[in-house]
Structures are given as C-alpha cells and as structure tokens.
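Below, each chain spelled out in residue letters.
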Amino acid sequence: MRVEVLQTAGRAAASAARLVARALEREPSLVLGLPTGRTAIPFYEALVALYRRGVVDFRRATTFNLDELAGVKDDDPRSYHAYMRRHLFDHVNLNPRRTHLPDGAAGDWTREVARYERHLSEAGGLGLAVIGIGRNGHIGFNEPSARLEARTHYVKLQPASRRANAYLARGDWREVPTHAVSMGIGTILQARTVVLLATGASKASIVARALEGPITTRVPASLIQAHPAAIAILDREAAGRLSAARRRGAT
Ligand code: GLP
C-alpha cells in the first residue's frame, strides 16, 4: 500500500482531490465511490475548487456513496443525501441521474440493499473508491465485529458511530438514526483503486492499527492492506503513530 503523508489536513484533502481529478481526466466515465464525514468536507471543497478552475469535469462520471442513514428522507438535513448536495452535488456538473445513494427512507431494506447492489454492478462496479475511517475502524458503516458482510446491507450502528455523526444532528447523537445501509466490505474492496483519507490526531491510533496491525474484522479498515491498489492519504497528525519509515513520507 502506498502511504502519502502531508503536513496539514488541508493539503491531504487537496492531494486526494487532485488524485480524483487525474483519474477523471484519464477516464471521464469513471465510477466513483464517495464517503461522507467531517474529514471529507475539505476534500469536497478542494474538488469543487478544481471544478471551478476547469481542472476537473464530472459530466460523464457516475457516483455511488458508501452509505446512508436509515429512517431519514432525502431532504432531511441529517441525511447523507443532504450532505452530498451541500458539499458536492450542488456545485459541480455531475448528472443527477448518475449520482447514487442508498434510499434512507426505503423501509423494505432487503429490497433496497439488493437494488443498490444491482445498480452498482450494472454500472460496472467501483473504479475508484475514496473512503474515510471511523475512530472504531469502520469503513462505510462496516462496523467492527467477528464477521463482516461482503455486500450492501442494513446495519445497526454502534454508539461510537452515532456519536461520530452527531455533527449532522446539531450535536445531539440521540437524533442520529440507529441503523444505516452500507456497501459491504467486498463491494468496496472490488474497487480498482481504494483511497483512504484520514486526518487529525484522533485518527492516529486507528490509522496505525488499520495500516500496520493485523488484518482483522475487528478493524474493518485493516482489510485494505490486502487490496492490490490501495493508497492512504494522511496528514501528519493522523500518521503520528505509524512506524518511523512511513512517517518519513511527510512532504
Ligand atoms: C461516517 C461514515 C463513514 C466515514 C466516517 C468518518 O461514520 N459512515 O463512511 O468514514 O463517518 O467520519 P469523520 O470523517 O467525521 O471522522
């Protein structure tokens, strides 16, 4: 796995955005896997800035978000749909027919997870997946557990994950839904390229476990060590507990 360490969170986000822009230049009809979370906000800001400068064109691109909270409608400000409109979709030339998120108001979850997985496979699967990491090691909402789901599924969130999403509910974690729909670990890892973006000191310990610890379902992000084309883009704080050799990547 390639590990890039940048001085600041802003530079890490900009580096991830440039990587996406280069990939779209090579392959304009790329299928992108997209994350939510606070870490991704500067990444989307950087992508929007590149778009405004004419450096990136989303016209032919397709996007699939990794996950959505369950029990919220698209227009609910807590939804990942709303987050994506706020931070990316309203600002770039993505075709709305080619942006996809699980339907948080579906109700029939068996049907919804099958629908999402089918649309993704009809699009040819993910070309480039940008992912974040929860402080508990989750990716998407694949929560630490004795076993992981390979495909898109309905999942009960751990309290830590509800707290981490409280920023979407004016800081009140009890207002964060108890369940979500998430791509499975296999769906994510089938992406041709996986880019993990992590910033800030609060991620240092889980980043070290994910990138250098044993591969285990107890740290779902550790599975990306087995991916043939995974890149971790970190700031110095998030890289703070990696081995010295990795940290020397600082630029
Ligand atoms: C949520 C998302 C994850 C994301 C995580 C990181 O829980 N479901 O896909 O990786 O947030 O969040 P943050 O960047 O806010 O730490």
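Scoring rules and cut-offs
- Residues numbered from 1 in each chain as written.
- Predicted model: local features only at pLDDT ≥ 70, side-chain atom pairs only at ≥ 80, totals over all residues.
- Heavy atoms only, no water.
- Helix = DSSP H or I, 4+ residues; strand = E, 2+ residues; numbered from the N terminus.
- Polar contact = N/O pair within 3.5 Å; in protein donor to acceptor, adjacent residues only side chain to side chain.
- Near = heavy atom within 4 Å.
- Areas by Shrake-Rupley, 256 points an atom, 1.4 Å probe, with all protein chains shown as cover.
- Pairing = 2+ DSSP bridges.
- Axes fitted to C-alpha atoms, helices over the stretch in contact; angles between N-to-C directions.

A. A look at the side chain of N65. The residue N65 is located in strand 3 (residues 62–65) in this model. Within the local environment of N65, its side chain forms a polar contact with the backbone oxygen of L34, the two atoms lying 3.3 Å apart.

B. Representation of the site of the ligand within the structure. In the vicinity of the ligand, 13 residues are found, and the nearest of them are R38, T39, D67, H138 and K203. Here R38 contributes a backbone N or O atom positioned 2.8 Å from an oxygen atom of the ligand. At a separation of 2.5 Å, an oxygen atom of the ligand approaches a polar side-chain atom of T39. Relative to its free-state accessible area of 390 Å², the ligand is covered by the protein chains to the extent of 96%.

C. Here's a closer look at unusual backbone geometry. Within the chain, R170 stands out as a residue other than glycine whose phi angle is a positive 50°. In this structure, R170 sits in the loop between helix 5 (159–164) and strand 8 (179–182).

D. Examining the sheet that holds strand 7 (residues 153–156) more closely. Spatially, 3 strands are ordered 4-8-7 in an open sheet, and the strand pairing comes out antiparallel. If you trace the sheet from one side to the other, it starts and ends with strand 4 (67–69) and strand 7, each paired once. Sheet twist, expressed as the average angle between the axes of neighbouring strands with direction ignored, equals 25°. Note that strand 7 and strand 8 share 4 bridges and pair antiparallel. If you follow H153 over to strand 8, its bridge partner there is S182.

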